[in-house]
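Observations on chain architecture
Listed below, chain by chain, are the residues.
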Amino acid sequence: MQWAGTGPDLRTGRPAPEAVGRAVEQVLAEGRFRERARALGAEFAEYRPFDTIAEPVETLGRSDG
């Protein structure tokens, strides 16, 4: 996923098996992809989607509507 910095851009939606193999080797060999994946993981861990939606849902449940 090149746009996120976690992998190379294969420049196609249907890469050849050889291109996928080379990309996997590149990802495993280059620490920058691992570092970016860890940074994204830490960022995602901060999100609390259920907490984000709980308050509005609870507010709707208390309305006199």
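Computed from a predicted structure; not experimentally measured.

Cut-off values and rules
- Residues numbered from 1 in each chain as written.
- Predicted model: local features only at pLDDT ≥ 70, side-chain atom pairs only at ≥ 80, totals over all residues.
- Heavy atoms only, no water.
- Salt bridge = Lys/Arg side-chain N within 4 Å of Asp/Glu carboxyl O.
- Buried < 20%, exposed > 50% of the residue type's maximum accessible area, 1.4 Å probe, protein only.
- pLDDT = per-residue confidence, 0-100.
- Helix = DSSP H or I, 4+ residues; strand = E, 2+ residues; numbered from the N terminus.

Now for the pattern of salt bridges. Within this structure, the stated rule accounts for two salt bridges. Between Arg32 and Glu30 there is a salt bridge; the shortest N-O distance is 2.7 Å. The class for Glu30 is partly exposed, based on a relative accessible area of 27%.

Let us now look at the confidence of the model for the protein chain. Per-residue confidence for the protein chain gives a mean pLDDT of 88, with 92% of residues at or over 70. When pLDDT is averaged over each element of the protein chain, helix α1 (residues 17-29) comes out on top at 95 and helix α3 (residues 49-62) at the bottom at 86.

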